[in-house]
Amino acid sequence: MSASVRTRFAPSPTGDLHIGGLRTALFQWAFVQANGGQIVLRIEDTDRDRYAEGSIESIYEGLRWLGIEWDEGPDVGGPHGPYVQSGRLDRYHAAAAELRARGRAYHCFCPPERLARLRKDQEADRQPTGYDGRCRDIPVAVAEGRARSEPSAVRFRMDRSGVTTLSDLIRGRVTFENALQDDFVILKSGGFPTYHLAMLVDDHEMEITHVIRAEEWLASAPRHLQLYEAMGWSPPRFAHLPLLVDSAGRKLSKRDGDVAALDYRDRGYLPEAMLNFLAFLGWSLDDKTSHISRTEFARVFSLDRVVPNPAFFDTDRLDALNGHYIRSMPSALWRETVATWLDRDLPRDAPRPLDPVLVATLAPLLQERIVRLDELAGLVRFLFDDLPDYPTSLLVERIGGDVELALRALDAALDAVEGVDAVAWGPATVEAALRSLQDTLALKLRKFVSVLYVAVMGAPRGIPLFESVALLGRERTLARLRAAREQLT
RNA sequence: GGCGCGUUCGUCUAGAGGCCCAGGACGCCGCCCUUUCAAGGCGGAGAUCGCGGGUUCGAAUCCCGCACGCGCUACCA
């Protein structure tokens, strides 16, 4: 029996759920699933200035989108609540007091201006930046007195001798020189804790055994380790995941856009695709597997197989995955999906509700032609709308600019379509008529059909022609062929 | 500047001394199929494993140095 593990996803409600955060949560979730254990969702809202309305909902939604469930959290409850840090202030104060009682923390009265100047001077002198310890040796009795009337923060007294060594589950041993550490703030003057104190208290109380977080936290690990030591608590295991980076190799940030997890959902990416994409960013199963189901991932995931180097967030790959999962959707589900997205994206004046028979006809034609769901409407719009203007050059683009051939094709098509009886109109008769053009023009269909595609749909690519024409109807088809003809002359 | 982490095809990665003159996937290119476009099938190009030393009969794999990239360096997380 393997010991039960507990990990936590601890996002800050400072904006929409970030794609990097989603990857972290996914790995935590898979880790817990694979090892038998629980995952705790904890909202870290200790930064009052950056709090963003609605971000907690965005977090819930983003996680559930990928099928990530948590065992304890603000919405589902649990024995270690509250699960929002702003509701746990008394515990942080108690811990800070305990640390002060043990001589491991002290009041700091340095105003922000002094700290800013200090940092500036240190930078100018090319010295390492960090707190200079000005308030460290104020006698406790004096400090206690001042703290009652003066604003103060509480700093942790780092042990500056020797080294602190972290045994990271992904990177192995990482050693930090303690002399290079400074006394950092654990309790802000406003009474809120910093991340360091809050995670110490919460992870301990919530019995977290594994802290899985991104590499940006690696440098602060010695602080956390010393904090645990000072409290006499045994620290959890740490695993620092590789960063997700942009094409320039920088940490993916909100400035780059395209990092809000739910935006991907709204642009028509399937959760299966996103899960696969994220799963293989920094992790792999073996030398063969390139697709994995959610349940399989949750079964085989292992931190041993997470690599330490950063991964580029390559959306080409995401697109390929999405196309793959779209194509593998069962037809009934696919039909429903098409209906939903067409309803969402088709112009308002298209008839609603959409004709289910029409959707059923369209769906299979669309399934292997798109990569994102938001492309759906664009491919069938020509059935509902008048054709928007298209450049004339589009008509002859694929036939080497041969205007004369295009004209002949259009004329022949006009004849052929006119020859189809309105009563007999349908995919079969349309196909027969259009195929006969091969004989009239003494040319393979593929040598000139692109002209007809453009004339009918306004684009050189799209769903198959015969079906399109059948769906469009006789009169509208004739009108579009004539319009194309006119445009060419 | 300091500290830390990282470095295998364009990209994500496999690789834990000989199976590797390096495997898979995405992307790219070509052919086939075909009513355009896709999809599908088949094939191809693509990595002197960052550089330089060493250890070893043998190194992508171990050691040392260097370079480069990134992260952190807040009373943000």
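Predicted, not measured: the structure shown is a model, and the values here were computed from it. (Residues numbered from 1 in each chain as written. Chains lettered and ligands numbered in written order. Predicted model: local features only at pLDDT ≥ 70, side-chain atom pairs only at ≥ 80, totals over all residues. Heavy atoms only, no water.)

Tallying secondary structure elements over chain A gives 21 helices and 11 strands in all. Counting all 489 residues of chain A, 50% fall into the buried class. Taking the intrachain contacts of chain A between residues at least 6 apart in sequence as the baseline, contacts between residues at least 24 apart amount to 76%. In the structure as shown, chain A presents an accessible area of about 23300 Å², 50% of it carried by carbon and sulfur atoms. Between the mean site of the 61 positive side-chain charges and the mean site of the 70 negative ones, chain A shows a separation of 5 Å. (Helix = DSSP H or I, 4+ residues; strand = E, 2+ residues; numbered from the N terminus. Buried < 20%, exposed > 50% of the residue type's maximum accessible area, 1.4 Å probe, protein only. Contact = heavy atoms within 4.5 Å. Areas by Shrake-Rupley, 256 points an atom, 1.4 Å probe, with all protein chains shown as cover. Lys, Arg positive; Asp, Glu negative; His and termini not counted. Charge placed at Lys NZ, Arg CZ, Asp CG, Glu CD.)

What follows covers the protein's contact with RNA strand B. Around RNA strand B, the structure places 69 residues, and the nearest of them are Asp 47, Ser 189, Glu 368, Arg 369 and Tyr 453. Counted by atom, the contact set of RNA strand B within 4 Å of the protein is 74% sugar and phosphate. Between a phosphate oxygen of RNA strand B and a side-chain N or O atom of Thr 46, the distance comes to 2.8 Å. Side-chain polar atom of Tyr 453 to a base oxygen of RNA strand B: 2.4 Å apart, as the coordinates give it. (Near = heavy atom within 4 Å. Polar contact = N/O pair within 3.5 Å; in protein donor to acceptor, adjacent residues only side chain to side chain.)

Let us now look at unusual backbone geometry. Along the chain, Gly 81 connects to Pro 82 via a cis peptide bond; the corresponding omega equals -5°. Secondary-structure assignment places Pro 82 in the loop between helix H2 (55-65) and helix H3 (89-101). Following Arg 352, the chain continues to Pro 353 via a peptide bond in cis, the omega torsion being -10°. Mapped onto the secondary structure, Pro 353 falls in the loop between helix H12 (331-345) and helix H13 (356-367). A positive phi angle, close to 55°, is found at Arg 126, a residue other than glycine. You can see Arg 126 is positioned in the loop between helix H4 (112-124) and helix H5 (140-149). Residue Glu 207 is not a glycine yet carries a positive backbone phi of 55°.

Pairs can form between side chains of opposite charge once their charged atoms are near each other. The final tally for this structure, using the stated rule, is 32 salt bridges. Salt-bridge contacts for Arg 136 lead to Asp 183; the nearest nitrogen and oxygen are separated by 3.0 Å. Of the two residues, Arg 136 is situated in the loop between H4 and H5 and Asp 183 in the loop between strand E6 (172-177) and strand E7 (185-187); the sequence distance between them amounts to 47 residues. Exposure class is identical for Arg 136 and Asp 183. Each is buried. Shared partners join several salt bridges into a network, and the residues in it are Arg 8, Arg 42, Glu 44, Arg 88, Arg 91, Asp 202, Asp 203 and Glu 205. (Salt bridge = Lys/Arg side-chain N within 4 Å of Asp/Glu carboxyl O.)

For the rest of this paragraph, the subject is the packing of aromatic side chains. If you walk through the whole model with that rule in mind, you get 12 aromatic pairs. Every member of this aromatic cluster is reached through a ring pair, and the members are Phe 27, Phe 280, Trp 283, Phe 297 and Phe 301. Stacked on the ring of Phe 27, the Lys or Arg Arg 23 has its end atom at 5.2 Å from the ring centre. (Phe/Tyr/Trp six-rings, centres within 6.5 Å; stacked < 30°, edge-to-face > 60°. Lys NZ or Arg CZ within 6 Å of the ring centre and 35° of its normal.)

The next thing to look at is helix H11 (residues 315-327). With 13 residues, H11 ought to run about 18 Å at 1.5 Å a step, and its terminal C-alpha atoms sit 18 Å apart, in line with that. Among the residues of H11, those classed as buried are Leu 318, Asp 319, Leu 321, Asn 322, Gly 323, Tyr 325 and Ile 326. (Expected span 1.5 Å × (residues − 1).)

So, on to the sheet that holds E7. Strands sit in the order E3-E4-E7 across an open sheet of three strands; the sheet is antiparallel. Each edge of the sheet is formed by a strand with only one pairing partner; in this case those strands are strand E3 (105-108) and E7. Taking the axes of each pair of neighbouring strands and ignoring which way they run, one obtains an average angle of 45° across the sheet. Across two bridges, strand E4 (residues 153-156) lies against E7 in antiparallel orientation. Note on E7: the bridge partner recorded for Arg 155 is Val 185. (Pairing = 2+ DSSP bridges. Axes fitted to C-alpha atoms, helices over the stretch in contact; angles between N-to-C directions.)

What follows concerns the side chain of His 240. Residue placement: His 240 occurs in strand E9 (residues 237-241). Within the local environment of His 240, its side chain forms a polar contact with the side chain of Arg 213, the two groups lying 3.0 Å apart. Setting aside residues no more than four positions away along its own chain, His 240 makes contact with Leu 166, Asp 168, Ile 170, Arg 171, Arg 213, Ala 214, Glu 215, Trp 217, Leu 218 and Ala 221.

Turning our attention to the packing of helix H16 (residues 403-418) against helix H21 (residues 474-488). Contact pair H16 / H21: the axes reach a minimum separation of 10 Å and the direction vectors enclose 160°. If you check the angle between H16 and H21, you find them roughly antiparallel. Here the hand of the crossing between H16 and H21 comes out left-handed. Contact residues: Val 403, Ala 406, Leu 407, Leu 410, Asp 411, Ala 413, Leu 414, Val 417 and Glu 418 in H16; Arg 474, Thr 477, Leu 478, Leu 481, Arg 482, Ala 484, Arg 485 and Leu 488 in H21. (Parallel < 35°, antiparallel > 145°, perpendicular 65-115°, else oblique. Left-handed = near helix turned anticlockwise from the far one by under 90°.)

Using the criterion set out here, one finds zero disulfides in the structure. Cysteine Cys 108 shares no disulfide, and the gap to the nearest cysteine sulfur, in Cys 110, comes to 3.8 Å. A residue is classified by how much of its surface remains accessible, and Cys 108, at 3% relative accessible area, is buried. Cys 110 takes part in no disulfide bond, and the closest cysteine sulfur, belonging to Cys 135, lies 3.6 Å away. You can call Cys 110 buried: its relative accessible area is 11%. (Disulfide = S-S within 2.5 Å.)

Okay, the packing of H12 against H13 next. To characterise two packed helices, one gives the angle between the axes of the helices and the distance between these axes. Where H12 meets H13, the closest approach of the two axes is 9 Å, and the angle between their N-to-C directions is 100°. By the angle between their axes, H12 is roughly perpendicular relative to H13. Note on element contacts: H13 touches H12 through Val 359, Ala 360, Ala 363, Pro 364, Leu 366 and Gln 367, opposite Trp 334, Arg 335, Val 338 and Ala 339. Partitioned by chemical class, the residues of the contact of H12 with H13 number eight nonpolar, one polar and one charged. (Nonpolar A, V, L, I, M, F, W, Y, C, P; charged D, E, K, R; others polar.)

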